[in-house]
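Next come the chains, spelled out residue by residue.
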Amino acid sequence: MIEDLKKQIFEKILEYDTIIIHRHIRPDGDCLGSTIGLREILRASFPNKKIYSVGNNDTEYLHFIGLEDQIDDSLYKDALVIIVDTATDNRIFDERYKLGKFTIKIDHHIPIQDYANINYVRTDFPATCAVICDFYKTFEEHLTLPKSAALPLFVGMVTDTGRFKYRGVSGNVMRLAGMLLDYELDIEDIYARLYMKTKEIYKLQGYVYNKFKTTSHGVSYIYLSRNKQKKFKVDHHEAANLVNSLDSIKDSLIWMIFVEQPDKSIRVRLRSRFIAIDDIANQFNGGGHAQASGATVYSKREMKKLIAIADEKLRIFKLTNKDVF
Ligand SMILES: [Mn+2]
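Below is a summary of the structure that appears in this document. (Residues numbered from 1 in each chain as written. Predicted model: local features only at pLDDT ≥ 70, side-chain atom pairs only at ≥ 80, totals over all residues. Heavy atoms only, no water.)

Quick look at the overall build of the protein chain
When helices and strands are tallied, the protein chain shows eleven helices and twelve strands. Expected size for 325 residues packed as a compact globule is a radius of gyration near 20 Å; at 22 Å, the protein chain falls within 12% of this value. Taken along the three principal axes of its C-alpha coordinates, the protein chain extends 65 × 40 × 40 Å. The proportion of buried residues among the 325 residues of the protein chain is 53%. Here the analysis covers contacts within the protein chain between residues at least 6 apart in sequence; of these, 61% occur between residues at least 24 apart. Counting every atom, the protein chain has about 16200 Å² of accessible surface; 50% of that belongs to carbon and sulfur. Both charge centroids of the protein chain, one from 47 positive and one from 44 negative side chains, sit 9 Å from each other. (Helix = DSSP H or I, 4+ residues; strand = E, 2+ residues; numbered from the N terminus. Rg over C-alpha atoms; globule rule 2.2 N^0.38 Å. Buried < 20%, exposed > 50% of the residue type's maximum accessible area, 1.4 Å probe, protein only. Contact = heavy atoms within 4.5 Å. Areas by Shrake-Rupley, 256 points an atom, 1.4 Å probe, with all protein chains shown as cover. Lys, Arg positive; Asp, Glu negative; His and termini not counted. Charge placed at Lys NZ, Arg CZ, Asp CG, Glu CD.)

What follows is the structure in structure tokens.
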């Protein structure tokens, strides 16, 4: 089945002279890494085809892996469109993917929507970049992987695996990453570029470290109002990323950040180890993964309720799991 799908995709790539790669809105490292990585493989392998990776280059910190292309609508006529790293069609950037003649989805998220003509989804891989590398390995004899592809693909693997830290990282994934490192990528340079933070974020992080609270059974949390965000000159997206600052507190198995939004609602990011919290997120207009979820509450009172539910969950968990803290 998997081998079959790969073969079908390869045949479509051979068949079309114009190939246009799309991705999701608000792209991260894996998203841009897989679009640019795939583009560079295809360009190096098929110099006579027209290959584009469509985007507006709005993610500055990732410009070092390569830039996206701005193309004319007319190119879509008779084009093959490949959409990477995108689970649902409402998240595809941009609408013009519909103008293509044939569409292929390549992804690693839980498949909730088959929006393309061929849908190739590998939830066994932790990053779409790994899916692309695996595809390359399968057709190695017919494809070329240049250094300009190795860099974006490696970056995508690093970012989507939390620097090779998540469970989805298998021996196979490490071998694929190793294949990319063999291009003599400068790993220190890459990490330095990816994990730079502004001094404003550092200051706010200091505030989070000083002011976070912990409930009696170990839920650590912090609330960041609009005023605080303004005071520290940090926007609400950046503020929400600070949830990770609370990730390794002994005896605190659940941690969360509450960030007041411009519309006054409160965005919640929930994280945990050893215990699932997606059920809590589901009760508060959210959802996600077992140990990384998001939710929204609309008042301080609702926020307290959410914290109380998490605390109670930990109380019960700790009764039966005495040695995992
Ligand atoms: Mn991804």
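Quick word on the packing of aromatic side chains
Taken as a whole, this structure holds six aromatic pairs when the rule is applied. Geometrically, the ring pair formed by F135 and F139 is tilted, given 5.0 Å between the ring centres and 55 degrees between the ring planes. According to the relative accessible area criterion, F135 is buried, its value standing at 7%. Looking at F139, the relative accessible area reads 9%, which means it is buried. Between the aromatic rings of F154 and F164, the centroid separation amounts to 6.0 Å while the plane-to-plane angle is 45 degrees, which identifies the pairing as tilted. Remark: F164 occurs in the loop between α4 (147–160) and α5 (171–181) and F154 occurs in helix α4; sequence separation between them is ten residues. (Phe/Tyr/Trp six-rings, centres within 6.5 Å; stacked < 30°, edge-to-face > 60°.)

Quick notes on α4
Its 14 residues give α4 an end-to-end C-alpha distance of 20 Å, which sits within 8% of 20 Å, the value for a rise of 1.5 Å per residue. For α4, a buried count of eleven out of 14 residues is recorded, marking the element as mostly surrounded by other parts of the structure. At its buried positions, α4 is contacted by α2 (29–45), α3 (128–138), α5 and α6 (187–194). (Expected span 1.5 Å × (residues − 1).)

Looking at the coordination of the manganese ion
The manganese ion binds to the protein through D30 (OD), D85 (OD), H108 (NE2) and D160 (OD), with metal-donor distances spanning 2.2 to 2.4 Å. Within one chain, the residues donating to the manganese ion are spaced in sequence as D-x54-D-x22-H-x51-D. Within this pair, whereas D85 is found in the loop between β3 (80–84) and β4 (92–93), its partner D160 is found in helix α4, the two being separated by 75 residues in sequence. Across the pair, exposure class does not vary: D85 and D160 are buried alike. (Donors = N, O, S within 2.8 Å, 3.2 Å for Na, K, Ca; no water.)

Looking at a positive patch on the surface
A grouping of K211, K213, K231, K300 and K304 is seen on the molecular surface, where their side chains present a positively charged patch. You can call K211 partly exposed: its relative accessible area is 47%. (Patch = residues over 30% accessible without salt bridge, like charges linked within 9 Å, V, L, I, M, F, W, Y side chains within 5 Å. Salt bridge = Lys/Arg side-chain N within 4 Å of Asp/Glu carboxyl O.)

Quick look at the side chain of H22
The residue H22 is located in strand β1 (residues 18–24) in this model. One polar contact links the side chain of H22 to the main-chain amide nitrogen of D94, over a distance of 3.2 Å. Non-local contacts of H22, meaning those with residues more than four positions away in its chain, are made with T35, V54, Y76, V81, I82, I83, V84, I92, F93, D94, R96 and Y97. (Polar contact = N/O pair within 3.5 Å; in protein donor to acceptor, adjacent residues only side chain to side chain.)

Concerning the environment of K318
Mapped onto the secondary structure, K318 falls in helix α11 (residues 300–320). Here K318 falls in the buried class, since its relative accessible area comes to 18%. Between the alpha carbons of K318 and G286 there is a distance of 25 Å; along the sequence they are 32 residues apart. Here D251 takes part through its backbone oxygen, which lies 3.0 Å from a polar atom of the side chain of K318.

A closer look at the pattern of salt bridges
Summed over all chains, the structure comprises 20 salt bridges. Between E140 and K137 there is a salt bridge whose closest N-O contact spans 3.5 Å. Take E140: its relative accessible area is 36%, and that puts it in the partly exposed class. A single salt-bridge network, built from bridges that share partners, covers E3, K6, R122, D124 and D134.

Re the pairing of strand β9 (residues 254–260)
Consecutive side chains of a regular strand alternate in pointing toward one face of the sheet and then the other. A large share of β9 lies buried, amounting to seven of its seven residues. Taking every second residue as pointing to the same face, both faces of β9 are buried, with I254, M256, F258 and E260 on one and W255, I257 and V259 on the other. Sheet topology note: the strand β8 (residues 219–224)/β9 ladder contains six bridges and is parallel. Bridge pairing links Y221 to M256 in β9. (Pairing = 2+ DSSP bridges.)

Examining the state of the cysteines
As used here, a disulfide is simply a covalent bond connecting the sulfur atoms of two cysteines. Tallied over the entire structure, the rule returns zero disulfides. Cysteine C129 is unpaired, with the sulfur of C133 as its nearest cysteine sulfur at 6.8 Å. Owing to a relative accessible area of 0%, C129 belongs among the buried residues under this scheme. (Disulfide = S-S within 2.5 Å.)

Focus on the sheet that holds strand β10 (residues 266–272)
Here we have six strands laid out as an open sheet, ordered β7-β8-β9-β10-β12-β11, and mixed in their pairing. Strands at the two margins of the open sheet, each flanked by one partner only, are β7 (213–214) and β11 (287–289). Here β9 runs beside β10; their pairing, made up of seven bridges, is antiparallel. When the sheet's bridge partners are listed, I254 is paired in β10 with S272. Its contacts with the sheet put helix α7 (residues 199–211) on β7 and β8, and the angle it makes with β8 is roughly 135 degrees. (Axes fitted to C-alpha atoms, helices over the stretch in contact; angles between N-to-C directions.)

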